[in-house]
Amino acid sequence: MSLREENLNVLLAELLAEKGLKALGEVILRKKSGRAEPDVLLELNGVRIVIEGKKPGMWDTLIEQCNKRLDENICDLCVIVEYADVKVNNLVPTQLDVKNALLRGKFNVGFLSYVDRAGLDKWLGVASKSEKYIEVSFDELLTYLMSAYSRVIKEDIVEPVINRMNDVLNDFAAEISTSINVERLRQVLELER
């Protein structure tokens with residue numbers, strides 16, 4: 001039995017809500033340039049998280065969708081979920097059957113944040129890693145979701161960038177200071193002392 005992605009997304013949101021998260025499935029967000037339709041929208045202590053979910057074989061499409069969500073500032077963290085092994089055995093399943101299939105199912109999961117998208121990793125001194133976790137259970141999905149959330153809120157992106165900029169400016173000043181005629185510079189700037 002094949003299920004529509006929208007149904008899986010809505011029920012995934014319900015399962016997340018049952019675990020205590022503020023989650024809505026198949027949301028339509030109005031914005032100036034049209035409307036965005038994230039599969040699952042979460043808010044976790046002020047951090048907006050979008051989950052984009054698709055059937056197997058759509059990993060590249062999911063990455064494109066997550067990049068778009070981050071570029072449009074819809075979320076701070078985008079979670080990629082590929083429904084790798086979610087099977088319903090009943091010929092005519094109920095929503096409860098589908099929920100149980102999700103709870104027993106396996107997912108391929110990845111994460112993208114604004115740090116990854118903006119390329120700030122070079123300033124932070126860490127390598128950008130687009131990891132893909134294969135055949136993750138529902139409980140592991142929750143664990144990965146919380147760890148990615150923690151990474152987003154604990155990531156101090158301002159101080160490392162400022163330190164790196166200071167290093168570059170100090171190197172530039174040290175390099176240029178040996179080739180400048182200080183007396184000539186004083187005359188040009190009309191400085192007496």
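Preceding block: the structure.
In what follows, the accompanying structure is described. (Residues numbered from 1 in each chain as written. Predicted model: local features only at pLDDT ≥ 70, side-chain atom pairs only at ≥ 80, totals over all residues. Heavy atoms only, no water.)

Structural notes on the overall build of the protein chain
Then, number 1: When helices and strands are tallied, the protein chain shows eight helices and eight strands.
Then, number 2: Per-residue burial over the protein chain gives 37% buried out of 193 residues.
Then, number 3: By sequence separation, contacts in the protein chain at least 24 residues apart represent 64% of the contacts at least 6 residues apart.
Then, number 4: Of the accessible surface of the protein chain, which amounts to about 12,000 Å², a share of 51% is contributed by carbon and sulfur atoms. (Helix = DSSP H or I, 4+ residues; strand = E, 2+ residues; numbered from the N terminus. Buried < 20%, exposed > 50% of the residue type's maximum accessible area, 1.4 Å probe, protein only. Contact = heavy atoms within 4.5 Å. Areas by Shrake-Rupley, 256 points an atom, 1.4 Å probe, with all protein chains shown as cover.)

As for the state of the cysteines
Then, number 1: Applying the stated rule across the entire model yields one disulfide.
Then, number 2: C66 shares a disulfide with C78; S-S distance 2.3 Å. Taking the torsion about the sulfur-sulfur bond, which here is approximately -65°, the covalent link between C66 and C78 counts as left-handed. In this pair, C66 is assigned in helix α2 (residues 59-71) and C78 in strand β6 (residues 77-85), connecting sequence segments twelve residues apart.
Then, number 3: This cysteine, C75, is not joined by any disulfide, and C78 carries the nearest cysteine sulfur, 4.7 Å off.
Then, number 4: Residue classification places C75 among the buried positions, given a relative accessible area of 2%. (Disulfide = S-S within 2.5 Å.)

As for the nonpolar core
Then, number 1: Counting residues in hydrophobic clusters, the biggest one holds 34 residues, and the most contacted among them are L16, I49 and V79.
Then, number 2: Put simply, the parts of the chain that give this core at least two residues each are α1 (5-18), β4 (40-44), β5 (47-54), β6, α3 (95-104), β7 (106-113) and α6 (138-154).
Then, number 3: Contact partners of L16, with chain neighbours within four places excluded, come to L21, A23, V40, L42, I51, F138 and L142.
Then, number 4: In terms of nonpolar packing, the next biggest core, distinct from the first, is built from twelve residues, L41, L62, C66 and I74 among them. (Core = buried A, V, L, I, M, F, W, Y, C linked by side-chain atoms within 4.5 Å.)

Focus: α1
Then, number 1: Its 14 residues place the ends of α1 20 Å apart at the C-alpha level, agreeing with the 20 Å of an ideal helix rising 1.5 Å per residue.
Then, number 2: Among all positions of α1, only L8, N9, L11, L12, A13, L15 and L16 are buried.
Then, number 3: Directly after α1, the chain includes G20, whose backbone phi takes a positive value near 100°. (Expected span 1.5 Å × (residues − 1).)

Concerning the sheet that holds strand β1 (residues 22-25)
Then, number 1: Pairing in this open sheet of six strands is mixed, and the strands run β1-β4-β5-β6-β7-β8 from one edge to the other. In this open sheet, the two strands that pair with only one neighbour each are β1 and β8 (132-136). With strand direction ignored, the average angle separating the axes of adjacent strands in the sheet is 20°.
Then, number 2: Two strands pair when backbone bridges link them, and β4 and β5 are joined in this way by five bridges, in the antiparallel orientation. (Pairing = 2+ DSSP bridges. Axes fitted to C-alpha atoms, helices over the stretch in contact; angles between N-to-C directions.)

Let's talk about the pattern of salt bridges
Where charged atoms of side chains with opposite charge meet at close range, the side chains can pair.
Then, number 1: If you walk through the whole model with that rule in mind, you get nine salt bridges.
Then, number 2: Across the salt bridge formed by R4 and E6, the nearest N and O atoms sit 3.2 Å from each other.
Then, number 3: By relative accessible area, R4 is classed as exposed at 58%.
Then, number 4: The salt bridge partner of R69 is E52, with a shortest N-O separation of 2.8 Å. Of this pair, R69 sits in helix α2 while E52 sits in strand β5, and the two are 17 residues apart along the sequence.
Then, number 5: Residues joined in a network through salt bridges with shared partners are E14, E18 and K99. (Salt bridge = Lys/Arg side-chain N within 4 Å of Asp/Glu carboxyl O.)

Quick notes on the side chain of E52
Then, number 1: With relative accessibility at 0%, the residue E52 sits in the buried group.
Then, number 2: Here the side chain of E52 touches R69 through a polar contact of 2.8 Å, side chain to side chain.
Then, number 3: In this structure, E52 is in contact with P38, D39, L62, Q65, C66, R69, C78, V79, I80 and V81, ignoring residues within four places of it in sequence. (Polar contact = N/O pair within 3.5 Å; in protein donor to acceptor, adjacent residues only side chain to side chain.)

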